[in-house]
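Coordinates in review
Now for the letters of each chain:
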Amino acid sequence: MRALLYLLSLALALPGIALAAAFLILGNAIAARSLFGFLGVLLDTFLWLFPWGVLALVAAFVVLLVGGVTARFRWLASACVATLAIGSSLVVLWLDVAHGNFSPGQSLFFVPGLISASVGIWLAMREWPWHGAPRDPA
C-alpha cells in the first residue's frame with residue numbers, strides 16, 4: 001500500500017517538476033532579448049540535454065521508481081520526491097509572484113504538489129530506518 005502511495009506521490013509531482021523546468025529553460029532563453037538569441041539558447045539547451053541530459057533524467061526517474069518500490073530505500077526516495085515537489089512549486093510560485101501576475105485562482109495549481117510533498121514527507125518519516133529503534137540511554 002505504501003508503494004502505491006509513493007507512486008501516486010511521484011505521479012502528482014511530475015507535472016509541476018516539468019513545468020518548473022520549462023519555466024527555467026524558457027526564462028533563460030527569453031533573457032537573450034532577441035529572436036535569434038532565444039532560438040540560440042533553446043538550441044544550446046537542447047544540444048546540452050540531448051546526449052546526456054535525457055539519459056540522466058531517465059536514470060534518475062528509474063532510480064526514484066525502484067527506490068520507492070523497495071521498502072529499504074522508500075524513505076530516501078520519498079524524501080527526494082517531497083523535495084522535488086516543494087522545489088518545483090517554489091520555482092513556479094517565485095516566478096509567478098516576481099512577474100506580478102499572480103492571482104488567487106492560480107493557487108489550485110499547487111494542490112497536487114502540496115499533496116505530493118505531504119505524502120512524500122509522511123512516507124519518509126514512517127519508513128525511516130531507525131524509526132522506533134531503541135535509543136542509547138547514555
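Residues numbered from 1 in each chain as written. Predicted model: local features only at pLDDT ≥ 70, side-chain atom pairs only at ≥ 80, totals over all residues. Heavy atoms only, no water.

All right, on to the overall build of the protein then. For the protein, the helix and strand inventory stands at four helices and zero strands. Beginning at the N terminus, the succession of helices and strands in the protein can be written as α-α-α-α. For the protein, whose C-alpha radius of gyration is 18 Å, the value lies well above the compact-globule estimate of 14 Å for 138 residues. Going through the 138 residues of the protein one by one, you find that 25% of them count as buried. A separation of at least 24 residues holds for 70% of the contacts in the protein among residues at least 6 apart in sequence. Once the 6 positive and 4 negative side-chain charges of the protein are each reduced to a mean point, those two points are 10 Å apart. (Helix = DSSP H or I, 4+ residues; strand = E, 2+ residues; numbered from the N terminus. Rg over C-alpha atoms; globule rule 2.2 N^0.38 Å. Buried < 20%, exposed > 50% of the residue type's maximum accessible area, 1.4 Å probe, protein only. Contact = heavy atoms within 4.5 Å. Lys, Arg positive; Asp, Glu negative; His and termini not counted. Charge placed at Lys NZ, Arg CZ, Asp CG, Glu CD.)

Turning to the nonpolar core, a few remarks are in order. Within the largest apolar cluster, ten residues are counted, these being Tyr 6, Leu 10, Ala 13, Leu 64, Ala 77, Val 81, Ala 85, Ala 117, Val 119 and Leu 123. In contact with Leu 123, not counting residues within four places along its chain, are Arg 2, Leu 5, Tyr 6 and Ser 78. (Core = buried A, V, L, I, M, F, W, Y, C linked by side-chain atoms within 4.5 Å.)

The sharpest bend along helix H2 (residues 35–69) measures roughly 60° and falls at Phe 50, with the proline Pro 51 sitting one to four residues further on. If you check which residues of H2 are buried, you get Val 41, Thr 45, Gly 53, Leu 64, Gly 67 and Gly 68. The inward-facing, buried residues of H2 abut helix H1 (2–30) and helix H3 (74–98). (Bend = angle between axes of the 7 residues up to and from the residue.)

Moving on to a nonpolar patch on the surface. Taken together, the side chains of Ile 86, Leu 90, Leu 93, Val 97, Phe 102, Ile 121 and Met 125 define a hydrophobic patch exposed on the protein surface, amounting to about 610 Å² of accessible area. For the nonpolar patch, the secondary structure elements donating two or more residues are H3 and helix H4 (111–126). Sorting elements by how many residues they give to the nonpolar patch places H3 first, with four residues. Here Ile 121 shows up in helix H4. (Patch = residues over 30% accessible without salt bridge, like charges linked within 9 Å, V, L, I, M, F, W, Y side chains within 5 Å. Areas by Shrake-Rupley, 256 points an atom, 1.4 Å probe, with all protein chains shown as cover. Salt bridge = Lys/Arg side-chain N within 4 Å of Asp/Glu carboxyl O.)

It is worth spelling out the environment of Ser 34 at this point. Here Ser 34 shows up in the loop between H1 and H2. Ser 34 sits 23 residues away from Leu 57 along the chain, and the two C-alpha atoms are 30 Å apart. At 3.0 Å, the side chain of Ser 34 and the backbone nitrogen of Gly 37 are in polar contact. (Polar contact = N/O pair within 3.5 Å; in protein donor to acceptor, adjacent residues only side chain to side chain.)

Let us look at the side chain of Arg 74. Checked against the element boundaries, Arg 74 lands in helix H3. With a relative accessible area of 8%, Arg 74 lands in the buried category. Reaching out from Arg 74, the side chain makes a polar contact with the backbone oxygen of Gly 68 at a distance of 2.8 Å. If we ignore the near neighbours within four places in the chain, the residues touching Arg 74 are Arg 2, Ala 3, Gly 67, Gly 68, Val 69 and Glu 127.

Scope: geometric values only; no functional claims are made or implied.
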